[in-house]
Amino acid sequence: AVQIALTDILKTLELEPDFIIGHSVGELGCAYADGCFTAEEMMLSAYSRGMASLETKVTFGSMAAVGLGYRKLRGMVPEGIEIACHNSADSCTISGPADNVATFVEELKSKNIFAREVQCSNIPYHSKYIADMGPNLLKRLTEVIKHPKKRSSRWLSSSVPKNKWEQIETQYSSANYHTNNLLSSVLFEETSVLLPKNALTIEVAPHSLLQAI
């Protein structure tokens, strides 16, 4: 609701973006800003995502912010933990079973590396541990997104690697696209580097979570 309202205000002020990037559920906001979703479709898609999280039994998990980039962190994560979000060159979010994440966070802290668990309702998003959410979410979204629209070139995907952007199935704001968004890693670092240097960026969200990165 906040993303819809802020996007509408920016349009009223004639602040049209050259590019749009979403972080995780933020890609629902991209769909609205890009004209692929109506306000109703975005609200129902967000609701579907929440319901799929509530209805599916998954591993009791946790997520944590870590002050290292993907390239450095990938060689350090122990088995059982996944790098859920590639935020920036010096920031990632990890995901996995709660005990595993807690242990690794303490290990990182002992090495003077920033690490802090984040609120996630004990759902290890963007990892293999929530794979069972996929079919439920896909079913719900298929009922909401009846006529998927093609994404414009302004919308830079952060849930599909760039080498797959030309594939037909990734070019539409479809039920499959947004289900993949929930289940896959967030490639925000890889996508944000494609923006022009010194670009003016506006975060459209209820919290300035990404300002630090």
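Structure first, text after, so check above.
Below, the structure is looked at part by part. From a predicted model like this one, the values you see are computed outputs, not experimental measurements. (Residues numbered from 1 in each chain as written. Predicted model: local features only at pLDDT ≥ 70, side-chain atom pairs only at ≥ 80, totals over all residues. Heavy atoms only, no water.)

**Describing the overall build of the chain**
From N to C terminus, the chain includes eight helices and four strands. Secondary structure elements of the chain occur, N-terminal to C-terminal, as α-α-α-β-α-β-β-α-β-α-α-α. Computed over its C-alpha atoms, the radius of gyration of the chain comes to 17 Å, within 12% of the 17 Å expected for a compact globule of 213 residues. Counting only C-alpha atoms, the chain reaches 50 × 40 × 30 Å along its principal axes. Scored against the burial criterion, the 213 residues of the chain give a buried share of 46%. Taking the intrachain contacts of the chain between residues at least 6 apart in sequence as the baseline, contacts between residues at least 24 apart amount to 70%. (Helix = DSSP H or I, 4+ residues; strand = E, 2+ residues; numbered from the N terminus. Rg over C-alpha atoms; globule rule 2.2 N^0.38 Å. Buried < 20%, exposed > 50% of the residue type's maximum accessible area, 1.4 Å probe, protein only. Contact = heavy atoms within 4.5 Å.)

**Section: the environment of Val 25**
Here Val 25 shows up in the loop between helix 1 (2–12) and helix 2 (26–33). With a relative accessible area of 38%, Val 25 lands in the partly exposed category. For the pair formed by Val 25 and Ala 46, sequence separation is 21 residues and the distance between their alpha carbons is 7.8 Å. Look past the residues within four positions of Val 25 in its chain and what remains in contact with it is Arg 49 and Asn 181.

**A short note on the nonpolar core**
Core analysis: the largest hydrophobic core is formed by 25 residues, its most contacted members being Phe 37, Met 42 and Trp 155. Elements represented by at least two residues in this core include exactly helix 2, helix 3 (39–55), helix 6 (133–144) and helix 7 (175–183). The biggest single contributor to this core is helix 2, with five residues. For Phe 37, the residues in contact, after removing those within four places along its chain, are Leu 28, Ala 31, Tyr 32, Met 42, Ser 45, Ile 145, Ser 173 and His 178. Counting residues in each nonpolar core, the second largest holds 15 residues, with Val 77, Ile 81, Val 101 and Ile 113 among its members. (Core = buried A, V, L, I, M, F, W, Y, C linked by side-chain atoms within 4.5 Å.)

**Comments concerning the packing of aromatic side chains**
All chains considered together, the criterion is met by one aromatic pair. Look at Trp 155 and Tyr 177: their rings are 5.6 Å apart centre to centre, the planes differ by 75°, and that puts the pair in the edge-to-face class. Note that Trp 155 is positioned in the loop between helix 6 and helix 7 and Tyr 177 in helix 7, a separation of 22 residues in sequence. In this structure, Trp 155 and Tyr 177 share a single accessibility class: buried. The cationic tip of Lys 11 hangs over the ring face of Tyr 32; the distance from NZ or CZ to the ring centre is 5.9 Å. (Phe/Tyr/Trp six-rings, centres within 6.5 Å; stacked < 30°, edge-to-face > 60°. Lys NZ or Arg CZ within 6 Å of the ring centre and 35° of its normal.)

These figures come from the coordinates and say nothing about function on their own.
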